Amino acid sequence: MDRREFYRRCMGFAAGLVSGRWLSKTALADQPQPAPPTSMEMAAKLPDLVAVQNGEPDALFDAAIKAFGGMERVVKKGQTVVVKPNIGWDRPPEAGANTNPILVGRIVEHCYRAGAAKVYVLDHTCHEPEKCYRNSGIRQAALAAKAVVVFANDEKDYVEVDIPKAKILTKTKVHQLVKDCDVLINVPVLKHHGGAGLTLAMKNLMGVVWDRGFYHRSDLHQCIAEFCRYRLPNLNVIDAYRMTMANGPQRARPEDIQLRKSLILSQDIVAADAAAAKLFGTEPEKIAHIRIAHQIGLGTMELDKLNIQRITL
Amino acid sequence: MLRGGRIVLAVAVLFLFLIAFLSLGKAGRSVGQILVSAQLVPATVRWLKSGSWQPIAVILGILGCTLLFGRIYCAILCPLGLLQDAIIFLRRRVGFRSFYYSKPAWAWRGVFLTGALLAMLLSSVWLISLLDPYSIFGRIATSLIKPVAIFAQNSASRFLSRLEIHWLWPKTYPPVASAMLWIAVFYSAVIILLSGCGGRLYCNLVCPVGTLLGLVSRFSICRVTISSDRCVRCGKCARICRAGCIEPSTCAVDASRCVACFDCLVICPVGAAVYKPAAKSVKERPVNFSRRFVLGAAGGAAVALLVDSVEAKRQVASKNLSELILPPGAWDVERFSAACIGCGLCVAQCPERIIRQNGLEYGWQGLMLPRLEFRVGHCAYECHRCGQVCPTGAIPRLTLNEKQTIQIGRVRLYRRRCIVHREHKDCGACIEACPTHAVYPVKRNNIHYPYTRLALCVGCGACQAICPMTPKAIMVFAVAPQGRAQKPPAVSPAEKATVSPPPTVQEFPF
């Protein structure tokens, strides 16, 4: 062996050491990586909706996204992602009022793993934003996963957009980042809602607009459905780890919270909401915005027509 | 060394006061609590109104310290004194280096101290709150400095966000009545004028704390003295003295006016000025002190009695009393205005920005009195900060649980304005916002109609703040005196027994 050969072997050995060390540090190193699906595979095998139960939030999401075909199905290399959880209330994770922080952190990790250039986490909160982000645990979890955590309670960050074919919500102010991002991942928490019945994926999108009062005074359910005409999220992940069964959305008693340990994942927002409604124990037709969204063709609430994968861990 | 130490402490304490009033993080709250409890007038008011022993310790501590060391409180703890020192520093920077000796103004000092003290003992704290240095600083900080600082922070935050740096978060402005802004501007102008022209003129002419401590520091053990043997009559000490208390021809230092800045110690070229325990032979010889002070005191007493007689007839303007919602624990206007010195710390610290100080809309008795306004926010259910920081106990220190059972107002729903009752469409904003379920839904035909139960209402205003209608379909009206709210009923054991926990793993219902 000459000197050059020796150097090459040393570099190779060092590179092997470093990458092995790095891989062993990342949490997903143990997971077998799914090969990116080909379009044939997509048409044939991959499900429209995945429902997982009996696990911790991160394990639930890992199983769901794997069954769905991998995060690469949603996030492509170099894209900007906005993860929109429910951070609306100054309540701790046990209260079930906000999305589970472990789930949010895991989703951010998967986005980066799939090659995302930047992942934002934001919500236009109802309570004071600093308290909501901190006490829900979401700020900490998102920062740990290297997300860019942004407040969304400043009107100057919102731009007015037109909503095509809308009857009531013809225009509204949407957060700049949500308007411009490549991928929008909607991560609501499944809750009873004293004012609207249930709050699920479509209602969670009220947290990306500025003027929610317009929805409330004009026609709440119609506006919730019509906003989806502007932009449908690229992925909907409904957190049903803790389901608020009554007295929601923010002040349920501990007795009202059911530890369901479930998760529903779909690109079809109407289907996700329909499945979540059934999981709660209500018929989807009874929730007006699900019915309206189905009627105007934003998705389908007829779950028997979909390829659903059900997983119990 | 003494002067250096004074400057370091003074800068640190002024900085900490600004942190408290700009309420920067958790440090802002705790620091604020410590600093404001070490102020003389708030401690006195707290002691008079609540009878607790802690403020007595503060009062005796400050007086004792003054007896030992002179008016070092004025040099390092008084926020208005520190503000004046900052102005004096700037004054020196732009070239005005000299002050001059002035004769003591015992008459005026007598008027202000006696008038303020007597008024406080007889009727209310209104008069002393106008003169109290801490309260004056508080008003300037809350109504003038804070909005400017927030403007600067918001501009910086927006600029940094464009560079994708998200460290600074935009803040909302505290609600400042235009009357409060004018008051803050007035005080700032007076302080700038007085300290620009005469150094610590306010401290030695008007300030009742300064006069009281001055009466004590006449007998202080450690004091600044100028040895007439060493003195070369250069007059530098007299020119640098910000209290104007050094008479150059006789080397006399008026200990009642010396604010312990120690500038003279440093500037004296021969080391004649020293700070040390005074020899017994040094006697204070104030000119015409007794006569003038007593005359002034009489004048002050007359003013206090006049104010008292006027106040006895004065009522809070009775219109709009239903909108006069007070912070939780304030109880009612009489008790609240008897203890509130209008410093604005609660306004500065409220995280929801719902506390504002009145202008004249409730008359003179209501001027500078804080009240709650549910326009941009509501009284957060999990917050009790105003009571934690109030220096006089006008807003009492309550535990969170105690605060959550106080009813500061009652909700009223106007069904004719409510979109749900009127047009049979879901809205639910008030139901969603209510932390106690005082506003609750009744489901009919799949629509959630809001109803109210007053026993659970704490008057937080969450419903009013979020109602999308104009005019509001649901509002909170004040209750006077403040009442008690029930906590939402816990789940009864009977109910617990009937609801069996569902199995952890079930079939998916789809």
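If you're wondering where the values come from, they're calculated on a predicted model, not measured in any experiment.

Reading the values: the criteria
- Residues numbered from 1 in each chain as written.
- Chains lettered and ligands numbered in written order.
- Predicted model: local features only at pLDDT ≥ 70, side-chain atom pairs only at ≥ 80, totals over all residues.
- Heavy atoms only, no water.
- Helix = DSSP H or I, 4+ residues; strand = E, 2+ residues; numbered from the N terminus.
- Buried < 20%, exposed > 50% of the residue type's maximum accessible area, 1.4 Å probe, protein only.
- Contact = heavy atoms within 4.5 Å.
- Expected span 1.5 Å × (residues − 1).
- Buried area = accessible area lost by both parts, 1.4 Å probe.
- Salt bridge = Lys/Arg side-chain N within 4 Å of Asp/Glu carboxyl O.
- Polar contact = N/O pair within 3.5 Å; in protein donor to acceptor, adjacent residues only side chain to side chain.
- Nonpolar A, V, L, I, M, F, W, Y, C, P; charged D, E, K, R; others polar.
- Axes fitted to C-alpha atoms, helices over the stretch in contact; angles between N-to-C directions.
- Parallel < 35°, antiparallel > 145°, perpendicular 65-115°, else oblique.
- Left-handed = near helix turned anticlockwise from the far one by under 90°.
- Phe/Tyr/Trp six-rings, centres within 6.5 Å; stacked < 30°, edge-to-face > 60°.
- pLDDT = per-residue confidence, 0-100.

Considerations on the overall build of chain B
Counting its secondary structure elements, chain B contains 23 helices and 10 strands. Taken along its principal axes, the extent of the C-alpha atoms in chain B is 100 × 60 × 45 Å. Classification of the 510 residues of chain B by burial places 53% in the buried group. Considering only intrachain contacts with a sequence separation of at least 6, the fraction spanning at least 24 residues in chain B is 73%.

Here we look at helix α7 (residues 106–122) of chain B
For α7 of chain B, built from 17 residues, the straight-helix expectation of 24 Å at 1.5 Å per residue is met to within 8% by its first-to-last C-alpha distance of 23 Å. Of all the positions in α7 of chain B, only Trp106, Arg109, Gly110, Leu113, Gly115, Ala116, Ala119 and Met120 of chain B are classed as buried.

Describing the interface of chain B and chain A
With 42 residues of chain B at the contact, the number on the chain A side is 52 residues. Carbon and sulfur atoms make up 55% of the area that chain B and chain A hide from each other, which totals about 4,000 Å². In terms of surface lost to chain A, no three residues of chain B exceed Glu432, Phe508 and Phe510 of chain B, which account for 21% of the buried area on that side. Across the chain B-chain A interface, the total number found is four salt bridges. Of the charged contacts, one joins Arg251 of chain A and Glu382 of chain B as a salt bridge, the two residues approaching to 2.6 Å between their closest N and O atoms. The tally of links from chain B across to chain A stands at 14 residue pairs in polar contact (both at pLDDT 80 or more). Of all the elements in the fold, those that place two or more residues in the side of chain B that touches chain A are α21 (429–433) and α23 (493–498) of chain B. For the side of chain B that touches chain A, the element with the most residues is α21 of chain B, which contributes four residues. Considered class by class, the residues forming the side of chain B that touches chain A number 23 nonpolar, eight polar and 11 charged.

Concerning the packing of α7 of chain B against helix α12 (residues 208–217) of chain B
All names here are of chain B. It is the contact of α7 with α12, at a shortest axis distance of 9 Å, that shows an interaxial angle of 110°. In terms of orientation, α7 and α12 fall into the roughly perpendicular class. When the axes of α7 and α12 are compared, the crossing they make is left-handed. Together, Trp106, Arg109, Phe112, Leu113 and Ala116 of α7 and Pro208, Gly210, Thr211, Leu212, Gly214 and Leu215 of α12 make up the contact between the two elements. Partitioned by chemical class, the residues of the contact of α7 with α12 number seven nonpolar, three polar and one charged.

Some remarks on the packing of aromatic side chains
On inspection of all chains with the given rule, the structure shows 12 aromatic pairs over all chains. Arranged with centres 4.5 Å apart and planes meeting at 45°, the rings of Tyr133 of chain A and Phe151 of chain A form a pair that is tilted. Highlighted residues: Tyr133 of chain A in helix α5 (residues 129–135) and Phe151 of chain A in the loop between β4 (148–149) and β5 (158–162), separated in sequence by 18 residues. Looking at Tyr133 of chain A, the relative accessible area reads 1%, which means it is buried. Measuring from centroid to centroid gives 6.3 Å for Phe21 of chain B and Tyr134 of chain B, while their planes differ by 45°, and the two rings are tilted. Highlighted residues: Phe21 of chain B in helix α1 (residues 2–22) and Tyr134 of chain B in helix α9 (residues 133–162), separated in sequence by 113 residues. Phe21 of chain B sits in the buried class, given a relative accessible area of 0%. The buried category is assigned to Tyr134 of chain B, whose relative accessible area is 0%. Through successive ring pairs, a cluster of aromatic residues spans Phe17, Phe21, Tyr134 and Phe137 of chain B.

Notes on the confidence of the model for chain B
Here chain B averages 88 in pLDDT, and 92% of its residues register 70 or above. Confidence estimates for the predicted assembly give a pTM of 0.86 and an ipTM of 0.85.

Description of the side chain of Gln357 of chain B
Residue and element names in this part refer to chain B. With respect to the helices and strands, the residue Gln357 is situated in strand β5 (residues 355–357). Among the polar contacts listed, one links the side chain of Gln357 to the backbone oxygen of Gly342, at a separation of 3.3 Å. A polar contact is formed between the side chain of Gln357 and the backbone oxygen of Met368, at a distance of 3.1 Å.

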